[in-house]
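Coordinates in review
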Amino acid sequence: MTRIPTHPPLPLPRSAEVVIIGAGFAGLGMAMALRRAGHDDLVILERADAVGGTWRDNTYPGVACDVPSHLYGFAAHPNPDWSGVFARGDEIRRYLDDVADREGLRGRIRLRTPMLGAEWDEEAARWRVHTPAGEITAEALVLACGRLTEPLIPEVPGLATFPGPLFHSARWDHGADLAGRHVAVVGTGASAIQLVPELARTAAHVTLFQRTPAWIVPREARAYTDAERARFAAHPEELARLRDTLYLEGERRFASRSGDAAASESARALALAHLGRQVDDPALRRALTPDYAFGCKRVLLSDDFYPAVASDAVTLEPSALAAAEGSTLVAASGRRVEVDAVVLATGFASTRQPYAELVRGEAGTTLAAHWSDGMSAFASTVVSGFPNLFVLNGPNASLGHNSSVLMIEEQAAYAVAALERRALAPDGVLRVDPAAEEAYVGEIAAAAASTPWLSGGCRNWYVDERSGRLTLLWPGTVDAFRRRLAEADGSEFTGTPVGARGKEST
């Protein structure tokens, strides 16, 4: 596991125009957009010892992106050197390191400096952000904390006293030697289908606890040749055309993920054929076949998960983990299995973002309280009751069909345009009209009502369990998101002149 050498944190300035929380894709993307627009007085606070976000934190065996590598990057920083069609996690982390260097952001990043709390100071019209290094005030605060950051640990009786290695996939214990051990993996989501084939190669045996099977389609991964990488480097226009092609392919996938009848049936048939080709045993095929609509949960990509599960190295337990009794795990089916180690591939606290408890807006209301029945924002970015606050990669900004980096870039552009409006706003403060936020939430609800995410017969991490609202996914294409944000004319902010995005009306 590669890590950048740690150095003493740089001194924290007392104030900045913009403070950004998080140095992953969203934080770096926001900083890039601000600097290009002439907003150079910014500080990025990062709780960890390196940039990279989820690609720094997730280091489990086999970790890789399921978006094509040449689409999973910033438009301003194409990378001709990706090793293959899908980039490995360590490659993406190095890419973000390189972007931080090329953009000259190192001097603005404060590593090992978590946000302990932030509150809006009404009198000063500034955010007060508290850190272990002291307080910094900001005219605007950007939460670029990511949505898949805090591991979700299941409440399983007895699990806390399991005697062997026990860890979440996002907090991989590289000191635990799992070679020749009997390992249990709990969960069959995106992380599990990548790490199970890797564990199957080295562990004595793997028992996989599956609460719900996933729809899995072929990944068709392959390495790029040296000649291809050289051609991409020599001909950036070819790389740009490839990115455009991958983008359009992603946009076309929206139909099958969102419930279009013909597209969904075609994709479902593809997934079933993939399963049929790779798993011969009829009983195992039945156990691995979802009983919910295609697209209801995140659709996964893998070429080697099914062969691993069908091999003698893995036993599928088609029920949830119900209890642990010492080193014996008890499945919901009643089956008992003795294991040496447990890997939790159980996902993240996605609908209840941990940072929301730390941020207080007007009248001292926390973001968590404002989101008590599910996350909400206008333009998926700004929140009523929280002046001059921007949330990237938060409410309704995720995708199930295309690259999330595209959404981040659109949100960053919207945030920069909104900041340009501050000169036109009363006291230089952008206050979101609650009615505008409510109307936007209504638009989301109407667009999502007939989709598999709400009516497909499954439980997914896109939907808030408290309200039943779709709060994570954007229920449309990237093009539609771009158009919707471009329509923002300032009327979402109280007392701000209406006009083209970021410009005063005439």
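This text gives an overview of the structure that appears in the document. (Residues numbered from 1 in each chain as written. Predicted model: local features only at pLDDT ≥ 70, side-chain atom pairs only at ≥ 80, totals over all residues. Heavy atoms only, no water.)

What about the overall build of the protein chain?
The helix and strand tally for the protein chain stands at 14 helices and 18 strands. The C-alpha atoms of the protein chain give a radius of gyration of 23 Å, which matches the 23 Å a tight globule of 506 residues would have. Overall, the C-alpha framework of the protein chain stretches about 70 × 50 × 50 Å when taken along its three principal axes. Looking at the 506 residues of the protein chain, the share that counts as buried comes to 55%. Accessible surface, the protein chain as shown: approximately 20200 Å² in total, 52% of it carbon and sulfur. (Helix = DSSP H or I, 4+ residues; strand = E, 2+ residues; numbered from the N terminus. Rg over C-alpha atoms; globule rule 2.2 N^0.38 Å. Buried < 20%, exposed > 50% of the residue type's maximum accessible area, 1.4 Å probe, protein only. Areas by Shrake-Rupley, 256 points an atom, 1.4 Å probe, with all protein chains shown as cover.)

Thoughts on the layout of surface pockets
Here the second largest pocket is characterised by a volume of approximately 410 Å³. For the second largest pocket, the lining is made up of 21 residues, of which G62, A64, R219, A221 and D304 are closest to its centre. Class assignment for the residues of the lining of the second largest pocket results in eight nonpolar, six polar and seven charged. (1 Å grid on protein atoms, 1.4 Å probe; cavity = no way out; pocket = protein on both sides within 12 Å on 5 of 7 lines; lining within 4 Å. Points joined across faces, edges and corners; volume = space filled by probe spheres on them. Nonpolar A, V, L, I, M, F, W, Y, C, P; charged D, E, K, R; others polar.)

A short note on the state of the cysteines
Enumeration according to the criterion identifies one disulfide in this entry. With a sulfur-sulfur separation of 1.9 Å, C296 is cross-linked through a disulfide to C458. Measuring handedness by torsion sign, the sulfur bridge of C296 and C458 sits at about -95 degrees and is left-handed. Of this pair, C296 sits in the loop between α8 (282-287) and β11 (300-301) while C458 sits in the loop between α13 (452-455) and α14 (478-486), and the two are 162 residues apart along the sequence. Residue classification places C296 among the buried positions, given a relative accessible area of 0%. Judged by its relative accessible area of 23%, C458 is partly exposed. (Disulfide = S-S within 2.5 Å.)

Regarding empty space enclosed by the protein
Considering all chains together, one arrives at four cavities of 30 Å³ or more under this definition. Of the voids in this model, the largest cavity is the one considered here, and its volume is about 40 Å³. Lining the largest cavity, in full, are F254, R257, G400, H401, W453, L473, W474 and G476.

Here we look at the sheet that holds strand β7 (residues 166-168)
The five strands lie next to each other as β7-β16-β8-β9-β12, forming an open sheet whose pairing is parallel. Strands at the two margins of the open sheet, each flanked by one partner only, are β7 and β12 (314-317). Taking the axes of each pair of neighbouring strands and ignoring which way they run, one obtains an average angle of 20 degrees across the sheet. Bridge count between strand β9 (residues 205-209) and β12: four bridges; the pairing is parallel. Bridging from a neighbouring strand, V206 pairs with V314 of β12. Sheet strands in contact with helix α4 (residues 190-202) are β8 (182-186), β9, β12 and β16 (341-344), and its direction is about 170 degrees off that of β8. (Pairing = 2+ DSSP bridges. Axes fitted to C-alpha atoms, helices over the stretch in contact; angles between N-to-C directions. Contact = heavy atoms within 4.5 Å.)

Quick notes on the sheet that holds strand β14 (residues 328-331)
Strand order in the open sheet formed by three strands is β13-β14-β15, with antiparallel pairing between adjacent strands. With partners counted over all chains shown, the strands left at the sheet margins are β13 (321-325) and β15 (336-338), one partner each. Averaged over all adjacent pairs, the angle separating strand axes in this sheet is 25 degrees, with direction ignored. Where β13 and β14 come together, four bridges link them in antiparallel fashion.

Describing the packing of aromatic side chains
Counted under the stated rule, the structure contains 16 aromatic pairs. Judged by centre distance (5.6 Å) and plane angle (65 degrees), the ring pair of W120 and W127 falls under edge-to-face. Relative accessible area serves as the criterion here: at 7%, W120 is assigned to the buried category. Judged by centre distance (5.8 Å) and plane angle (55 degrees), the rings of W215 and F294 are tilted. Of the two residues, W215 is situated in the loop between β9 and β10 (216-217) and F294 in the loop between α8 and β11; the sequence distance between them amounts to 79 residues. (Phe/Tyr/Trp six-rings, centres within 6.5 Å; stacked < 30°, edge-to-face > 60°.)

Examining the pairing of strand β6 (residues 134-143)
Most of β6 sits out of view: seven of its 10 residues are buried. The hairpin formed by strand β5 (residues 126-131) and β6 contains two residues between the paired strands. With three bridges connecting them, β6 and strand β18 (residues 389-391) associate as parallel partners. Residue L141 lies in a different strand from β18, and its bridge partner there is L389.

Description of the pairing of strand β4 (residues 117-121)
Here β4 lies mainly inside the structure; four of its five residues are buried. By the bridge criterion, five bridges tie β4 to β5 in an arrangement that is antiparallel. Pairing of A118 across the sheet is with V129, part of β5. Taking the residues that link successive antiparallel strands as the turn, the β4-β5 hairpin has four residues, and the phi of A125 there is positive, at about 55 degrees. Of the strand pairs in this sheet, β4 and strand β17 (residues 359-360) are connected by two bridges, and their pairing is parallel.

Thoughts on helix α11 (residues 404-421)
The end-to-end C-alpha distance of α11, which contains 18 residues, comes to 26 Å, matching closely the 26 Å that a straight helix rising 1.5 Å per residue would cover. The element α11 is extensively covered by neighbouring structure, given that 15 of its 18 residues are classed as buried. (Expected span 1.5 Å × (residues − 1).)

A look at the pattern of salt bridges
Between side chains of opposite charge, a pair can form as their charged atoms come close. According to the stated counting rule, one finds 36 salt bridges in the structure shown. For the salt bridge of R35 with D40, the shortest nitrogen-to-oxygen distance reads 2.8 Å. Looking at R35, the relative accessible area reads 27%, which means it is partly exposed. (Salt bridge = Lys/Arg side-chain N within 4 Å of Asp/Glu carboxyl O.)

So, to be careful, I would describe these as geometric facts and stop short of saying anything about function.
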